[in-house]
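# Structural features, examined
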Amino acid sequence: MSTLTYAVHDSMTMLRRNLKHALRYPAVSLGPAMMPILMLLLFVYAFGDSIGAGLPGSGGRDAYLEYLTPGVIIMGVAAGAMSTSIAVCQDMTEGIINRFRTMNITRSSFMTGHVIGSVITTVVSLVLVVGVALALGFRPDANPLEWLAAAGLIAAIAFAVAWLSAALGLISKTVESASNKPLLIQFLPFLGSAFVPAGSMAPGLRWFAEYQPFTPMTETLRGLLTGSAIGNSGWISLAWCAGITLVGYLWSRSLFNSTTKR
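Figured I'd write up the structure that's included with this text. The structure presented is a predicted model; accordingly, all values stated were derived computationally and were not measured.

So, on to the overall build of the protein chain. Helix and strand content of the protein chain: twelve helices and zero strands. The secondary structure elements of the protein chain, listed N-terminal to C-terminal, are α-α-α-α-α-α-α-α-α-α-α-α. For the protein chain, whose C-alpha radius of gyration is 19 Å, the value lies close to the compact-globule estimate of 18 Å for 262 residues. Along the first, second and third principal axes, the C-alpha atoms of the protein chain reach 65 × 35 × 35 Å. Per-residue burial over the protein chain gives 47% buried out of 262 residues. By element, 67% of the accessible surface of the protein chain is carried by carbon and sulfur atoms, the whole surface being about 12,900 Å². Positive and negative side-chain charges of the protein chain, numbering 16 and 11 respectively, have mean locations separated by a distance of 18 Å.

We now examine the environment of Val-8. Structurally, Val-8 is set in helix α1 (residues 3-24). For Val-8 and Thr-112, which are 104 residues apart along the polypeptide, the C-alpha to C-alpha distance reads 9.3 Å.

Attention now moves to the side chain of Ser-177. Here Ser-177 is to be found in helix α8 (residues 175-180). A polar atom in the side chain of Ser-177 sits 2.8 Å from the backbone oxygen of Thr-174.

Take the packing of helix α7 (residues 144-170) against helix α11 (residues 214-226) next. Pairs of packed helices are described in terms of their axes, by the angle between the two and the distance that separates them. In contact at an axis separation of 9 Å, α7 and α11 are set at 160° when each is read in the N-to-C sense. By the angle class used here, α7 and α11 are roughly antiparallel. Considering only the axes of α7 and α11, their crossing is left-handed. Contacts between α7 and α11 involve Glu-146, Trp-147, Ala-149, Ala-150, Leu-153, Ile-154, Ile-157 and Val-161 from the first element and Phe-214, Met-217, Thr-220, Leu-221, Leu-224 and Leu-225 from the second. Taken together, the residues of the contact of α7 with α11 sort by class into twelve nonpolar, one polar and one charged.

Right, let's get into helix α6 (residues 109-136). With 28 residues, α6 extends 41 Å between its outermost C-alpha atoms, agreeing within 8% with the 40 Å of an ideal straight helix rising 1.5 Å per residue. The positive-phi residue at the C-terminal boundary of α6 is Gly-137, with phi of around 120°.

Reading the values: the criteria
Residue numbers here run from 1 along each chain, matching the order of that chain's written sequence. Residue-level local features of this predicted model are given only where pLDDT is at least 70; pairs of side-chain atoms are given and counted only at 80 or more, and the full residue set underlies all totals for whole chains, interfaces and linings. Side-chain figures throughout are based on the complete set of non-hydrogen atoms in the structure, without hydrogens or water. Under the DSSP-based scheme used, a helix requires at least four consecutive residues in state H or I and a strand at least two consecutive residues in state E, with every element numbered from the N terminus. We take the radius of gyration over the C-alpha atoms and set the globule estimate at 2.2 Å times the residue count to the 0.38 power. Relative accessible area decides the class of each residue, using a 1.4 Å probe on protein chains only: under 20% of the type maximum gives buried, over 50% gives exposed, and in between gives partly exposed. Values of accessible area rely on a 1.4 Å probe in the Shrake-Rupley scheme; residue burial ignores everything except the protein chains shown. In this count, Lys and Arg are taken as positive residues and Asp and Glu as negative ones, while His and the chain termini are left out. Lysine's charge is taken at NZ, arginine's at CZ, aspartate's at CG and glutamate's at CD. Polar contact is the term for a pair of N or O atoms within 3.5 Å; when the atoms are in protein, one must be able to donate a hydrogen and the other to accept it, and sequence-neighboring residues count only if both atoms are side-chain atoms. Whenever a helix is involved, its axis is fitted only over the stretch in contact; in every case the axis is a line through C-alpha atoms, and angles between N-to-C directions fall within 0 to 180 degrees. By the definition adopted for this analysis, an angle is roughly parallel if under 35 degrees, roughly antiparallel if over 145, roughly perpendicular if from 65 to 115, and oblique otherwise. Helix crossings get a hand from a simple test, with the near helix turned counterclockwise from the far one by less than a right angle marking a left-handed crossing and a clockwise turn marking a right-handed one. Whether two residues are in contact is decided by their heavy atoms: any pair within 4.5 Å suffices. Note on residue classes: Ala, Val, Leu, Ile, Met, Phe, Trp, Tyr, Cys and Pro are nonpolar, Asp, Glu, Lys and Arg are charged, and everything else, Gly too, is polar. Expected helix span is given by 1.5 Å per residue-to-residue step, counting one fewer step than there are residues.

In structure tokens form, the structure reads like this:
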């Protein structure tokens, strides 16, 4: 077999290992879905009428649910960073990586398995989030092509976040620190247009919200699901995904190679 074939085979083996771990500990793998669901319930029922009154159109709770759901989905993608960081840190600190060093496996397969496994578990957890939103009355206007584009965008964001959070797991010395380092990633959607329009924020915060990565991602997903205008948010989102993926991949590879050479 060629080098590429070996790499793919070993990556699939590592992926199966991580998915089995996710099935064995569903509270950890599906845990990132709980916070978005709780935030969805809280904001819709506690603040939906007041915030929705300021939105264009008819306003009210239903309008806010339509506005909020795409932002909560993006929040769910960001929430998956913690489980990825913890899983990588556990493998690096609990001795399994020493076992892998003695085996004839492709070096890159370890990180690839974690990242792809993270994307799969994140997408599965988001199915729960979307299911709750539909039960609350969310009615997207997306056609099949727009649904496909939305799924592709979510996968691209999850892939980028997974590489970055894997790097955070590699620099963590303990599981506790690995759970704390991705908090900034999880917090960024709150400082974007996920919950309220960026234009309603104070000038300094508005500037930050408009130029941070999760705002164009949220606006693109919102446009795909609800039929609102996307503008250039789609291209900006893809550029952010590509940049974050590249940084996370290069950082993870450098950290992993330096660690396993010790």
